[in-house]
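What follows is the residue order along each chain.
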Amino acid sequence: AQSVAQPEDQVNVAEGNPLTVKCTYSVSGNPYLFWYVQYPNRGLQFLLKYITGDNLVKGSYGFEAEFNKSQTSFHLKKPSALVSDSALYFCAVRGAYNFNKFYFGSGTKLNVKP
Amino acid sequence: DAGITQSPRHKVTETGTPVTLRCHQTENHRYMYWYRQDPGHGLRLIHYSYGVKDTDKGEVSDGYSVSRSKTEDFLLTLESATSSQTSVYFCAISSGTESSYEQYFGPGTRLTVT
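Predicted model only: the values in this text are computed from it and were never measured. (Residues numbered from 1 in each chain as written. Chains lettered and ligands numbered in written order. Predicted model: local features only at pLDDT ≥ 70, side-chain atom pairs only at ≥ 80, totals over all residues. Heavy atoms only, no water.)

**Description of the interface of chain A and chain B**
- Between chain A and chain B, the contact holds 23 residues from the first and 29 residues from the second.
- Buried surface at the junction of chain A and chain B, summed over both partners, amounts to about 1900 Å²; 51% is from carbon and sulfur atoms.
- On the chain A side of the interface with chain B, the three residues burying the most area are Asn100(A), Phe102(A) and Phe104(A), jointly 28% of the side's total.
- Counting across the chain A and chain B interface gives one salt bridge.
- Where Glu102(B) meets Lys49(A), a salt bridge forms, and the shortest distance between an N and an O atom there is 2.7 Å.
- Counting across the interface, chain A meets chain B through seven residue pairs in polar contact (both at pLDDT 80 or more).
- Of all elements in the fold, only β5 (33-38), β6 (44-50), β10 (87-94) and β11 (102-104) of chain A reach the threshold of two or more residues within the side of chain A that touches chain B.
- Grouping the amino acids of the side of chain A that touches chain B by side-chain chemistry returns twelve nonpolar, seven polar and four charged. (Contact = heavy atoms within 4.5 Å. Buried area = accessible area lost by both parts, 1.4 Å probe. Salt bridge = Lys/Arg side-chain N within 4 Å of Asp/Glu carboxyl O. Polar contact = N/O pair within 3.5 Å; in protein donor to acceptor, adjacent residues only side chain to side chain. Helix = DSSP H or I, 4+ residues; strand = E, 2+ residues; numbered from the N terminus. Nonpolar A, V, L, I, M, F, W, Y, C, P; charged D, E, K, R; others polar.)

**Description of the pairing of strand β7 (residues 64-70) of chain B**
Residue and element names in this part refer to chain B.
- In terms of strand pairing, β7 meets strand β8 (residues 73-78) through five bridges, oriented antiparallel. Along β8, the bridge assignment pairs Ser67 with Leu75.
- Where β7 folds back on β8, the antiparallel hairpin that results is connected by two residues. (Pairing = 2+ DSSP bridges.)

**Observations concerning the pattern of salt bridges**
All names here are of chain B.
- Scanning the model with the defined rule gives eight salt bridges over all chains in all.
- Across the salt bridge formed by Arg36 and Asp38, the nearest N and O atoms sit 2.8 Å from each other. A single burial state applies to Arg36 and to Asp38, both of which are buried.
- Ionic contacts of the salt-bridge type, sharing partners, join the residues Arg22, Lys70 and Asp73 into one network. (Buried < 20%, exposed > 50% of the residue type's maximum accessible area, 1.4 Å probe, protein only.)

**Some points on the state of the cysteines**
- On inspection of all chains with the given rule, the structure shows two disulfides over all chains.
- Each disulfide pairs two cysteine sulfurs, and for Cys23(A) the partner residue is Cys91(A), the sulfurs being separated by 2.0 Å. Handedness here is read from the sign of the S-S torsion; for Cys23(A) and Cys91(A), about -65°, the answer is left-handed. Taken together, the residues span a long stretch of sequence, with Cys23(A) in the loop between β3 (19-21) and β4 (24-26) and Cys91(A) in strand β10 at a distance of 68 residues. When sorted by exposure, Cys23(A) lands in the same class as Cys91(A), which is buried.
- Paired through a disulfide, Cys23(B) and Cys91(B) show a sulfur-sulfur distance of 1.9 Å. With the S-S bond torsion at -70°, the cross-link from Cys23(B) to Cys91(B) turns out left-handed. Of this pair, Cys23(B) sits in strand β3 (residues 19-25) while Cys91(B) sits in strand β9 (residues 87-94); the two residues are 68 residues apart in sequence, bridging distant segments of the chain. Side by side, Cys23(B) and Cys91(B) carry an identical accessibility label, which is buried. (Disulfide = S-S within 2.5 Å.)

Here it is as structure tokens:
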């Protein structure tokens, strides 16, 4: 089976500080991993993905994510948080047997305070 | 949300009535998906389509049916709506190519079943 866990329902960080949103995954074979962001009353927007290659993946809006195979993690990071980064963040993994199914975590609400 | 529209955006209906939600894309993507979003559950896949008239079930397909008669349209039908189907429904599309598995989401439909 494949699954994604986001252990924190909410993350609070001060503007200008680095932020990390955690994600761990469980999937057979090589993982295809994704991060999405959702602003209030909007659909999800694609941020970045890991398929293969460098363990540090760069994405939109200054976000990056670090793939760690031994820890089965794919944490989202940003060196300096902005108030406008406040949103709901979802991690997702592609299915191991059906490559066009995706499994989402429960989401982490990021609050960036001025 | 560019290239994907959902209709209606909001709907209130009574228990036992049929409801159809529409997703329309202008990207000519092969794959289309219906998810529901509920607090604490993230996004859960209801059904997806991998081509015209080709559909498959997701994790929470009971009580839902889908149809795809044209590449651009993917319909989700609740045959007899129940209060447990009160949710926000998102449509997503994906080209499904090796370099582009990420999904792009519509703006969502908020459905309330009373």
